[in-house]
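A structural walkthrough
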Amino acid sequence: MTPAHLGFEEYDVASQIAVSHHYWLVDGQWETRSSPHRYVWPFELDLMARLLG
C-alpha cells in the first residue's frame, strides 16, 4: 500500500482461487484491476512431479 496504490488478495480456500485486487490513483482518478489465480498446495506439486516422473 502506498498513497497512490492499494492492493489486496481475496482467497477461497475450498476452490483454491485467489483474486488479486489493485487500485491506482492516476491523474486524480482511481483505476482498478482484478485478476483470478489458481494456487496449489505443496503436496499437490509433489504429486504432479511424481506423476511426471
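Data block above holds the structure.
Residues numbered from 1 in each chain as written. Predicted model: local features only at pLDDT ≥ 70, side-chain atom pairs only at ≥ 80, totals over all residues. Heavy atoms only, no water.

Reading across from one edge, β1-β2-β3 is the order of the three strands in this open sheet, with antiparallel pairing throughout. On the outer flanks of this sheet lie β1 (5–12) and β3 (29–38), each paired with one strand and no other. Taking the axes of each pair of neighbouring strands and ignoring which way they run, one obtains an average angle of 15° across the sheet. (Pairing = 2+ DSSP bridges. Helix = DSSP H or I, 4+ residues; strand = E, 2+ residues; numbered from the N terminus. Axes fitted to C-alpha atoms, helices over the stretch in contact; angles between N-to-C directions.)

Let us now look at unusual backbone geometry. Even without a glycine there, the phi angle at Q16 is positive, about 55°. Residue placement: Q16 occurs in the loop between β1 and β2 (17–26). Given the relative accessible area of 12%, Q16 is considered buried. Despite not being glycine, D27 has its phi angle at roughly 50°, a positive value. (Buried < 20%, exposed > 50% of the residue type's maximum accessible area, 1.4 Å probe, protein only.)

Attention shifts here to the environment of S20. Mapped onto the secondary structure, S20 falls in strand β2. Overall, S20 belongs to the buried group, its relative accessible area being 7%. Separated by 15 residues in sequence, S20 and S35 have C-alpha atoms that sit 5.3 Å apart. Discounting chain neighbours no more than four positions away, the residues touching S20 are F8, E9, R33, S34, S35 and H37. Among the polar contacts made by the side chain of S20, one reaches the side chain of H22 at a distance of 2.9 Å. (Contact = heavy atoms within 4.5 Å. Polar contact = N/O pair within 3.5 Å; in protein donor to acceptor, adjacent residues only side chain to side chain.)

This structure, assessed with the given rule, holds one salt bridge. Across the pair R38 and E44 runs a salt bridge whose closest N-O atoms are separated by 3.5 Å. Overall, E44 belongs to the buried group, its relative accessible area being 17%. (Salt bridge = Lys/Arg side-chain N within 4 Å of Asp/Glu carboxyl O.)

Shape descriptors only; they carry no functional weight alone.
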